[in-house]
Amino acid sequence: KAPLSKSLLLVPSAISILLTLLFQHYQKFFAYNLQGIKEDFQVWRLVCGRTICLDLKDTFCSSLLIYNFRIFERRYGSRKFSSFLLGTWMLSALFDLLLVEVAQYMFGITINSLPSGFLGPVFALFVPFYSSIPRVQVAQVFGHFPITNKTLVYILGLQLLTSGSYIWILAVSGLVSGICYNSSILKVHRILCVPNWVAKIFSWTLEPIFSSAEPTNEVRVGMGATVDIQRQQRMELLDRQIMMSQVAQMRRQRQQQGGMINWNRLFPPLRPRHNANYQDHRPPEQDTPPPTEVSEEQVARLMEMGFSRGDALEALRASNNDLNVATNFLLQH
């Protein structure tokens, strides 16, 4: 369901490896040379220099990020995803030139070239990733630093940010272009978009090459009225399956450590147990433990996943305010 992401993952990476290992004398045509663009009007360098990475480390990091960001193509469709990449690519090219001029005017830094590659749209994808992907805590380091399902992607972005001296210009221009494209005030997405006839041509020619067959053992899901709704339902199911596997791993670790879950609240006993020393009356109210305080932030996270507020409150109280265990309980019941 992500042919464009697969093409961006395979084709630029293959060309980058070939240029590094076999055709090094052709690397000069893919350099992001700003001096040649401004003085010699070599506009073609904006296309070549902002598509193929000449550093294998940048190629590796950007490929991993594109692989993680394929979720947006699955949710929004190839045309909307390609429109976002095209719009942010054009906007980031403009912001690159503006930031270089600002750096020279304010700090006296002369920048003649920038790192090559499809880096502007990659950094722009962090904007919808931050705003639309829910944050789910997986573990904690030293009991204070949370590890979430988004931590690895941010680490890859930080690694890519520190790979070059002037790559921060590409990062800033990419983030600004992503914010501008997602902004409902500027309406950039209505201007910089892929026409419908162009999307149909690429779907007829290139999509059969990079598309993958649907697994035969996969359960068919999605009862939406449109293809976009069905695609979104499928992605929500995949997100829940990943979340359940992470929660199951955390549950096994807790069980090995002895467990700290009040299962009597989740599964109350079917009948009361009596013994000789037990008197059949309710315990006094002063001996009843007070209800567990529930974090509103964790309730909001569960509600973002589609659960009701009442179910979220009960699950968090029953699991001693443990978000992972509460999520596991809500997904299985």
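Here the structure is a predicted model, which is why all the values come from computation and not from measurement. (Residues numbered from 1 in each chain as written. Predicted model: local features only at pLDDT ≥ 70, side-chain atom pairs only at ≥ 80, totals over all residues. Heavy atoms only, no water.)

**Student:** What's the story with empty space enclosed by the protein in this structure? I'm lost.
**Tutor:** Considering all chains together, one arrives at three cavities of 30 Å³ or more under this definition. Approximately 100 Å³ is the volume found for the largest cavity. Forming the boundary of the largest cavity are Leu 8, Pro 12, Ser 13, Thr 51, Ile 52, Cys 53, Thr 59, Ser 62, Ser 63, Ile 66, Gly 117 and Phe 118. Sorting elements by how many residues they give to the lining of the largest cavity places helix H4 (residues 56-68) first, with four residues. (1 Å grid on protein atoms, 1.4 Å probe; cavity = no way out; pocket = protein on both sides within 12 Å on 5 of 7 lines; lining within 4 Å. Points joined across faces, edges and corners; volume = space filled by probe spheres on them. Helix = DSSP H or I, 4+ residues; strand = E, 2+ residues; numbered from the N terminus.)

**Student:** Help me out: how do you make sense of the packing of H4 against helix H9 (residues 151-161) in this one?
**Tutor:** Viewed as axis vectors pointing N to C, H4 and H9 meet at an angle of 155 degrees, and their least axial separation amounts to 10 Å. Here H4 lies roughly antiparallel to H9, going by the angle between them. Crossing of H4 over H9 shows left-handed handedness. On H9, the residues touching Lys 57, Asp 58, Cys 61, Leu 64, Leu 65 and Asn 68 of H4 are Val 153, Leu 156, Gly 157, Gln 159 and Leu 160. (Axes fitted to C-alpha atoms, helices over the stretch in contact; angles between N-to-C directions. Parallel < 35°, antiparallel > 145°, perpendicular 65-115°, else oblique. Left-handed = near helix turned anticlockwise from the far one by under 90°. Contact = heavy atoms within 4.5 Å.)

**Student:** What am I meant to see in the UniProt feature "transmembrane region" (unreviewed entry) in the chain here?
**Tutor:** According to UniProt, the "transmembrane region" (unreviewed entry) feature falls on residues 6-23, 84-107, 113-131 and 152-176. Strand forms 0% of residues 6-23 and helix 89%; the C-alpha atoms that close the span are 24 Å apart. Taken end to end, residues 152-176 is 80% helix and 0% strand, and its two terminal C-alpha atoms sit 22 Å from one another. (UniProt positions renumbered as here; feature names shortened; annotations may be inferred.)

**Student:** Got a minute to help me understand the nonpolar core in this structure?
**Tutor:** Across soluble globular proteins, you tend to see nonpolar side chains buried next to one another. Within the largest apolar cluster, 42 residues are counted, with the highest numbers of intra-cluster contacts made by Leu 65, Phe 69, Phe 72, Leu 114 and Leu 160. For this core, the elements supplying multiple residues, two or more each, are helix H2 (34-39), H4, helix H5 (70-76), helix H6 (78-107), helix H7 (119-124), helix H8 (126-132), H9 and helix H10 (167-182). If you tally residues by element for this core, the top one is H6, at eight residues. Sequence-distant contacts of Leu 114, defined by excluding residues within four places in its chain, comprise Tyr 32, Leu 34, Asp 96, Val 100, Tyr 166, Ile 169 and Leu 170. Membership of the second largest hydrophobic core comes to 15 residues, among which are Val 136, Val 299, Leu 302 and Leu 316. (Core = buried A, V, L, I, M, F, W, Y, C linked by side-chain atoms within 4.5 Å. Buried < 20%, exposed > 50% of the residue type's maximum accessible area, 1.4 Å probe, protein only.)

**Student:** How should I be thinking about helix H16 (residues 296-304) in this particular structure?
**Tutor:** Residues spaced three or four apart along an α-helix point in a common direction, a consequence of the helix completing one turn every 3.6 residues. Among all positions of H16, only Gln 298, Val 299, Arg 301 and Leu 302 are buried. Projection of H16 onto a plane perpendicular to its axis shows the buried side chains occupying an angular sector of 160 degrees, all on one side. Turned more than 90 degrees off the buried face of H16, the exposed positions are Glu 297 and Glu 304. Phi turns positive one or two residues past the end of H16, at Gly 306, with a value near 110 degrees. (Arc of directions from axis to C-beta.)

**Student:** Can you help me understand the side chain of Ser 5 in this one?
**Tutor:** With respect to the helices and strands, Ser 5 occurs in helix H1 (residues 3-21). According to the relative accessible area criterion, Ser 5 is buried, its value standing at 4%. If we skip the residues at most four places from it in the chain, Ser 5 touches Ile 66, Arg 70, Glu 73 and Phe 81.

**Student:** Honestly, the pattern of salt bridges in this entry has me stumped. Any pointers?
**Tutor:** Opposite charge on two side chains allows them to pair when their charged atoms are near. Scanning the model with the defined rule gives three salt bridges in all. The partner of Arg 50 in a salt bridge is Asp 96, and the shortest N-O contact between them spans 3.4 Å. Taken together, the residues Arg 50 in the loop between helix H3 (44-48) and H4 and Asp 96 in helix H6 connect sequence positions 46 residues apart. The class of Arg 50 is buried, set by a relative accessible area of 3%. Accessibility expressed as a relative area gives 0% for Asp 96, which makes it buried. The shortest N-O distance in the salt bridge between Arg 309 and Glu 296 comes to 3.1 Å. One end of the pair, Arg 309, is in helix H17 (residues 309-318); the other, Glu 296, is in helix H16, with 13 residues separating them in the sequence. (Salt bridge = Lys/Arg side-chain N within 4 Å of Asp/Glu carboxyl O.)

**Student:** I would appreciate a short explanation of a nonpolar patch on the surface in the present structure.
**Tutor:** A surface patch of nonpolar side chains, amounting to about 850 Å² of accessible area, comprises Ile 17, Leu 18, Leu 21, Leu 22, Phe 23, Tyr 26, Phe 29, Trp 44 and Leu 56. Following the sequence through the fold, Leu 56 ends up in helix H4. (Patch = residues over 30% accessible without salt bridge, like charges linked within 9 Å, V, L, I, M, F, W, Y side chains within 5 Å. Areas by Shrake-Rupley, 256 points an atom, 1.4 Å probe, with all protein chains shown as cover.)

**Student:** Where do I start with the side chain of Lys 150 in this structure?
**Tutor:** Tracing the sequence through the fold places Lys 150 in the loop between strand S4 (145-148) and H9. We classify Lys 150 as buried; its relative accessible area is 4%. Residues contacting Lys 150, with those up to four places away along its chain left out, are Phe 129, Tyr 130, Ile 133, Pro 134 and Arg 135.

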